[in-house]
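# A structural walkthrough
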Amino acid sequence: MKKGILRPGHVQIRVLDMAEALQHYVDLVGLVETHRDRQGRVYLKGWAEVERFSVVLVESDSPGMDFMGFKVIDEASLLQLTEDLIAYGCQIEHIPAGELDFCGRRVRFQGPSQHWFELYTDKEYTGRWGVSAVAPNPWPMGLKGMGVQRFDHCQLHTGDLHLTVKLFTEVLGFYVTEQVLNDAGEHVAAFMSLSYKAHDIAFIGDGKFGRFHHASFLLETWESLLKAADMISMTDTSLDLGPTRHGITHGQTIYFFDPSGNRTEVFCGGDCHYPDQKPIIWHEKDLGKAIFFHSRVLNERFLTVLT
């Protein structure tokens with residue numbers, strides 16, 4: 001049931017060296033730098049995104065994700081969601097407008113997965129980068145690297161998948177599109193959406209609370225994904241896996257690492273889902289095929305390297 005959350009809005013990622021991180025996220029991945037604030041944080045966006053930023057990089061002594069934010073349709077919905085979260089038992093923080101430049105007030109909470117999430121309604125609307133709002137070109141000139149279109153989703157790991165899914169479905173209004181079940185019929189992984197997308201967030205229940213697996217960015221076509229793979233090799237970037245196809249979502253994918261060890265995904269294609277569809281089921285014994293449909297094998301690094 002819809003609760004007023006529209007989509008993923010932003011993610012803040014910790015990096016060890018900002019200059020190296022910008023070579024990865026701007027020069028290679030192709031995000032556009034839109035701002036640097038007084039705290040030294042760097043704000044980025046995909047060219048097709050209409051708000052000021054969707055990725056915030058912050059220099060730190062450890063890699064990982066600080067928080068993931070979701071855009072809420074209006075203030076009334078934000079107030080209701082805040083009440084619902086408190087009633088559910090979540091710890092709430094009220095972050096004032098301007099703590100992130102160009103962003104209004106945010107309501108931050110910690111879920112059962114021990115990750116921090118936040119909700120907001122206001123962020124500066126800048127429009128798509130490099131193309132007009134009237135009779136726009138299909139893509140802008142001057143894109144760097146892979147030229148990703150948007151920040152799409154995150155995959156996170158937790159030790160309490162059941163309660164995490166309950167929070168996101170019953171309180172926040174997500175629905176499960178695909179799930180991996182063990183022999184006892186219990187969730188091993190859950191992919192959840194707010195709209196027609198294959199997923200807006202994914203959780204893996206492997207006992208590792210609060211861990212970050214990857215942030216994912218959208219490319220347009222299989223050909224652009226192959227070009228991205230060429231760029232990964234041309235720059236000697238650390239490759240995890242791909243290009244290949246997922247079984248879950250059926251999207252085409254590449255995974256690789258930023259210089260701090262955070263995993264990045266670029267992908268294209270994939271299934272559409274609607275809230276009236278029942279979740280697609282995969283079984284744990286078929287997990288290799290579910291994640292990497294062609295090789296049908298999961299490498300140890302993909303399962304264990306988290307930040």
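The following paragraphs examine the structure supplied in this document. (Residues numbered from 1 in each chain as written. Predicted model: local features only at pLDDT ≥ 70, side-chain atom pairs only at ≥ 80, totals over all residues. Heavy atoms only, no water.)

## Describing the packing of helix H2 (residues 75–88) against helix H3 (residues 161–171)
Where H2 meets H3, the closest approach of the two axes is 11 Å, and the angle between their N-to-C directions is 145°. The hand of the H2/H3 crossing is right-handed. Contacts from Leu81, Asp84, Leu85 and Tyr88 of H2 reach H3 at Leu163, Lys166, Leu167 and Val171. Residues belonging to the contact of H2 with H3 are distributed by class as follows: 6 nonpolar, no polar and 2 charged. (Axes fitted to C-alpha atoms, helices over the stretch in contact; angles between N-to-C directions. Helix = DSSP H or I, 4+ residues; strand = E, 2+ residues; numbered from the N terminus. Left-handed = near helix turned anticlockwise from the far one by under 90°. Contact = heavy atoms within 4.5 Å. Nonpolar A, V, L, I, M, F, W, Y, C, P; charged D, E, K, R; others polar.)

## Things to note about the sheet that holds strand S16 (residues 263–268)
Within the open sheet, the 9 strands sit side by side as S14-S15-S16-S13-S9-S12-S11-S10-S17. Their pairing is mixed. Strands with a single pairing partner mark the edges of an open sheet, and in this sheet they are strand S14 (239–245) and strand S17 (280–283). When strand polarity is set aside, the average angle formed by the axes of neighbouring strands in this sheet is 15°. As judged from the 4 bridges shared by S14 and strand S15 (residues 252–257), these two strands associate in the antiparallel manner. Within S15, the position partnered with Leu239 by the bridge is Phe256. (Pairing = 2+ DSSP bridges.)

## Considering the pattern of salt bridges
For the structure shown, the criterion picks out 19 salt bridges. Two residues, Glu51 and Arg7, come together in a salt bridge whose shortest N-O distance is 3.5 Å. One end of the pair, Glu51, is in the loop between strand S3 (42–45) and strand S4 (55–59); the other, Arg7, is in strand S1 (residues 5–15), and 44 residues separate them in sequence. On the accessibility criterion, Glu51 (5% relative accessible area) is buried. Among the ionic pairs, Asp200 bridges to Lys197, the shortest N-O distance being 2.6 Å. For the pair formed by Asp200 and Lys197, the shared burial category is buried. Within this structure, Asp37, Arg41, Glu99, Arg106, Arg108 and Glu118 form a network of salt bridges that share partners. (Salt bridge = Lys/Arg side-chain N within 4 Å of Asp/Glu carboxyl O. Buried < 20%, exposed > 50% of the residue type's maximum accessible area, 1.4 Å probe, protein only.)

## Quick notes on the sheet that holds strand S2 (residues 32–36)
On the basis of which strands lie adjacent, the open sheet formed by 8 strands has the order S2-S3-S4-S1-S5-S8-S7-S6 and mixed pairing. Here the strands that pair on one side only, and so sit at the sheet edges, are S2 and strand S6 (91–95). Within the sheet, the average angular offset between the axes of one strand and its neighbour, ignoring direction, is 25°. Helix H1 (residues 18–28) contacts S1, S2, S3 and S4 of the sheet and is inclined by roughly 160° relative to S4.

## A word on the side chain of His199
Tracing the sequence through the fold places His199 in the loop between strand S11 (187–193) and strand S12 (201–205). Its relative accessible area of 10% is what places His199 among the buried residues. Within polar-contact distance, the side chain of His199 engages the side chain of His153 at 3.2 Å. If we skip the residues at most four places from it in the chain, His199 touches Asp152, His153, Thr177, Phe191, Met192, Ser193 and Thr249. (Polar contact = N/O pair within 3.5 Å; in protein donor to acceptor, adjacent residues only side chain to side chain.)

## Considering the nonpolar core
Core analysis: the biggest nonpolar cluster contains 59 residues, and Leu57, Phe70, Met146, Phe168, Leu172, Ile201 and Val266 have the highest contact counts within it. With 6 residues, the single largest contributor to this core is H1. Sequence-distant contacts of Phe70, that is, excluding residues within four places in its chain, are made with Ile5, Arg7, Pro8, Gly9, Phe117, Glu118, Leu119, Tyr120, Phe168, Phe174, Leu194 and Ile201. Counting 15 residues, the second largest nonpolar core, distinct from the first, contains Phe191, Tyr255, Ala290 and Phe292. (Core = buried A, V, L, I, M, F, W, Y, C linked by side-chain atoms within 4.5 Å.)

## So, the packing of aromatic side chains
Inspection of the entire model under this criterion finds 13 aromatic pairs. Seen from their ring centres, Phe70 and Phe168 are 6.5 Å apart, and the 75° between their planes marks the pair as edge-to-face. Here Phe70 is found in strand S5 (residues 64–72), whereas its partner Phe168 is found in helix H3, with 98 residues between them in sequence. Judged by its relative accessible area of 1%, Phe70 falls in the buried class. (Phe/Tyr/Trp six-rings, centres within 6.5 Å; stacked < 30°, edge-to-face > 60°.)

## Describing the state of the cysteines
The final tally for this structure, using the stated rule, is 0 disulfides. Looking at Cys90, it has no disulfide partner, and the nearest cysteine sulfur is the one in Cys154, 18 Å off. Accessibility expressed as a relative area gives 12% for Cys90, which makes it buried. Cysteine Cys272 remains unbridged, with the sulfur of Cys268 as its closest cysteine sulfur at 13 Å. (Disulfide = S-S within 2.5 Å.)

## Examining helix H4 (residues 222–234)
An ideal rise of 1.5 Å per residue puts 18 Å on 13 residues; H4 measures up with 18 Å between its terminal C-alpha atoms. Every buried residue belonging to H4 is among Leu225, Ala228, Ala229, Met231 and Ile232, and all of these are buried. Along the long axis of H4, the arc covered by the buried residues comes to 160°, so they all point the same way. The exposed residues of H4 that point more than 90 degrees off its buried face are Glu223, Lys227, Ser233 and Met234. Looking at the buried residues of H4, the elements they touch are H1, S14, S15 and S16. (Expected span 1.5 Å × (residues − 1). Arc of directions from axis to C-beta.)

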